[in-house]
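Here are the chains, one letter per residue:
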Amino acid sequence: TSSSSISNAAFCAEMRASFGLVANPERSAGDREAMRTLQEISTNSIRRLAGELYATDVHFVLEVVQNADDNTYAHAIPALAIDVSADAVVFTNNEVGFTPANARALCSIGQSTKSAGGGYIGCKGIGFKSVFKVTTRPELHSRQFHFSFDSTAEMGFVAPIPAPVPEGWDEESSGTRLVLPLSHPAGSESNKAQLLEQLSQGLKAIQPSLLLFLHRLRRIEIRNAITDTQRVLTLYNGDEMEAEEGGGDGRRKRRSGVRHVLDALRHAGKATETTMSVFVFLQEISTGGIMRAQTSETEVTIAFPLLPLQLQQPAEEEVAAISSSSATSAASAVVQEPRAPCDVFAFLPVRSYGFRFIIQADWILSSSREAIDGMSAWNLAIRAQLPTVIAQACAAYASFALAEGEADLQTDSPSRHEESGDTDNNSNSN
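Cut-offs and rules
Residues numbered from 1 in each chain as written. Predicted model: local features only at pLDDT ≥ 70, side-chain atom pairs only at ≥ 80, totals over all residues. Heavy atoms only, no water. Helix = DSSP H or I, 4+ residues; strand = E, 2+ residues; numbered from the N terminus. Buried < 20%, exposed > 50% of the residue type's maximum accessible area, 1.4 Å probe, protein only. Contact = heavy atoms within 4.5 Å. Salt bridge = Lys/Arg side-chain N within 4 Å of Asp/Glu carboxyl O. Lys, Arg positive; Asp, Glu negative; His and termini not counted. Polar contact = N/O pair within 3.5 Å; in protein donor to acceptor, adjacent residues only side chain to side chain. Pairing = 2+ DSSP bridges. Core = buried A, V, L, I, M, F, W, Y, C linked by side-chain atoms within 4.5 Å. pLDDT = per-residue confidence, 0-100. Phe/Tyr/Trp six-rings, centres within 6.5 Å; stacked < 30°, edge-to-face > 60°. Lys NZ or Arg CZ within 6 Å of the ring centre and 35° of its normal.

Digging into the overall build of the protein chain
Within the protein chain one finds nine helices and 15 strands. Within the protein chain, the proportion of its 430 residues that are buried is 44%. Long-range contacts, defined as pairs at least 24 residues apart, comprise 62% of the intrachain contacts of the protein chain with a sequence gap of at least 6.

Remarks on the pattern of salt bridges
Under the defined criterion, the tally for this structure stands at nine salt bridges. Of the charged contacts in the structure, one is a salt bridge between R104 and E14, with a shortest N-O distance of 2.9 Å. Taken together, the positions of R104 in helix α4 (residues 100-106) and E14 in helix α1 (residues 8-18) put the pair 90 residues apart, joining distant regions of the chain. The partly exposed category is assigned to E14, whose relative accessible area is 35%. Residues D263 and R231 are paired through a salt bridge, measuring 2.8 Å at the closest nitrogen-oxygen approach. Here D263 is found in strand β10 (residues 257-267), whereas its partner R231 is found in strand β8 (residues 229-237), with 32 residues between them in sequence. You'll find D263 and R231 in the same group, each marked buried. Each of D83, R219, E221 and R223 takes part in one network of salt bridges that share partners.

Quick look at the side chain of R369
Relative to the assigned elements, R369 resides in the loop between β15 (358-360) and α8 (377-411). There is no salt bridge for the buried R369, and the closest opposite charge comes from E63, which lies 4.5 Å off by N-O distance. There is a polar contact of 3.3 Å between the side chain of R369 and the backbone oxygen of A346.

Quick word on the environment of A86
Mapped onto the fold, A86 is located in the loop between β1 (79-84) and β2 (88-93). For A86, a relative accessible area of 39% gives the class partly exposed.

Points about the pairing of strand β7 (residues 219-224)
Both β1 and β7 contribute to a ladder of six bridges, which runs parallel. Paired with D83 across the bridge in β7 is R223. Inspection of the sheet shows β7 paired to β8 by six bridges, in the antiparallel sense. Residue I220 lies in a different strand from β8, and its bridge partner there is L233. Hairpin remark: β7 followed by β8, antiparallel, with four residues in the connecting loop; positive phi at D228, about 55 degrees.

What to know about the nonpolar core
Core analysis: the biggest nonpolar cluster contains 60 residues, and F11, F60, V61, I82, F91, F147 and L217 have the highest contact counts within it. Top element by residues in this core is helix α3 (residues 60-69). It accounts for five residues. In this view, F11 contacts I6, P100, A103, R104, C107, F145, F147 and P160; residues no more than four positions away in its chain are not counted. A346, A361, I372 and I382 belong to the second-largest nonpolar core, a separate cluster that totals 24 residues.

Some thoughts on the environment of D263
Here D263 falls in the buried class, since its relative accessible area comes to 11%. Separated by 31 residues in the primary sequence, D263 and V232 place their C-alpha atoms 5.9 Å from one another. In contact with D263, other than residues within four places in its own chain, are P208, R231, V232, L233, T272, E273 and T274. Among the polar contacts listed, one links the side chain of D263 to the side chain of R231, at a separation of 2.8 Å.

Re the pairing of β2
Each regular strand displays side chains that alternate between the two surfaces of the sheet. Of the pairings in the sheet, the one linking β1 to β2 comprises five bridges and is antiparallel in character. Within β2, the position partnered with V84 by the bridge is V89. Counted along the chain from β1 to the antiparallel partner β2, the turn is three residues long. Pairing between β2 and strand β6 (residues 176-181): six bridges, direction antiparallel. Bridge pairing in β6 links F91 to L178.

Quick look at the confidence of the model for the protein chain
Confidence in the prediction of the protein chain, expressed as mean pLDDT, is 81, and 75% of residues score 70 or more. Mean pLDDT across the secondary structure elements of the protein chain bottoms out at helix α9 (residues 414-419), with 42, and peaks at β1, with 98. pLDDT under 50 marks residues 325-336. Its contacts with residues more than four places away, or in other chains, come to 15 contacts. Ignoring residues within four places in sequence, the model shows residues 413-430, a span with pLDDT below 50, making 17 contacts including any to other chains.

Digging into the packing of aromatic side chains
What the rule picks out here adds up to 14 aromatic pairs. Where F11 meets F145, the ring centres are 5.2 Å apart and the plane angle is 70 degrees; that geometry is what we call edge-to-face. One end of the pair, F11, is in helix α1; the other, F145, is in strand β4 (residues 145-148), and 134 residues separate them in sequence. Take F11: its relative accessible area is 0%, and that puts it in the buried class. Judged by relative accessible area, F145 falls into the buried class, the value being 0%. Aromatic side chains F304 and Y397 sit 4.4 Å apart centroid to centroid with 5 degrees between the ring planes, which places their arrangement in the stacked category. With F304 in strand β12 (residues 297-305) and Y397 in helix α8, the pair connects residues that are 93 residues apart, well separated along the chain. By relative accessible area, which is 5% here, F304 ends up buried. Among the aromatic side chains, those forming a connected cluster through ring pairs are F11, F128, F132, F145, F147, F149 and F157. Its end group placed over the ring of Y353, R351 keeps NZ or CZ at 3.8 Å from the ring centre.

What follows is the structure, encoded as structure tokens:
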């Protein structure tokens, strides 16, 4: 069968045969027994990996976000929708759909089709197995592929089972859908309720910064029927969504400047909107001959969360002080309160290391993605360059803050107050 036109039934049969799940009369009794032993060892190993790799039951959400960001997109703005109900979590992604190689990689361990540093976040080939923390039978639909896994069966974590085609499914336009029927490993309804609560809290805790450093995704929509909430995170560059910034696969270009993530929340009929804004400084660095993905060049990004500026008219002596001060002093003048520690990112958040700004780099991570590999020569080479990059970023941020501060003072003029109805303010324009 041609790999480009393989049917779903043929694909599932091929994969199951490769795992020794199809009877073969030519095998001896000894060979069949050896195969059963290997199947049992493999199944127990994968079960242990899926159950113990991640510290929390909801880490799988980040793994699905990662997979969605690594997908290929045509002309639509890359987006991921997450729907939570009492029975299932459904992820819908408007990518172009799976190739046979993508489907085979999902039916394996450590055989990702992605290359480290090649424009992909994931490359270890194990992240998808995290969904088994919340379900025993995940179901996937993409192009002509419709199959599920059954973790209660032999080789069930990797052996696909044909699944019904969803009603109205279009192979060319339906994208990819992942259905996770909720079933806590402990099995009871109380444990399922606890899982739903953890999931709702985990989704609520997602920060807008999640979108800042992804290659492709610009929009994440979360619809939770349990809590009656709808939340939409949208990435903007300046005043426009970065819909035309990417390459042919939806990957967006990177540059220094201001990025915004709009966080729109609707709960019980009430709507609120907040915006996270950051100043981003990008710097290409060399790792001094240490290679990853056949290159010793990589990019480090420093991002400073922007706090709202005070727009009231300052006294003339304050304006003079700002104008005559150093850029660093001007930058400190616009900070209203100390920043909380920020996460370090490897495109997705890893964890906080105490910095009060964001550091993003192509770090090599532990298999759980929950820590930076402290023994990696690649990581040590990046770390050695950080002081210089941070100093450059601080200088660029200070210049930006000074320019923004002066612009705010200039726009806070009498005409501005008259337009807004503040006719009692007779301050002079600066």
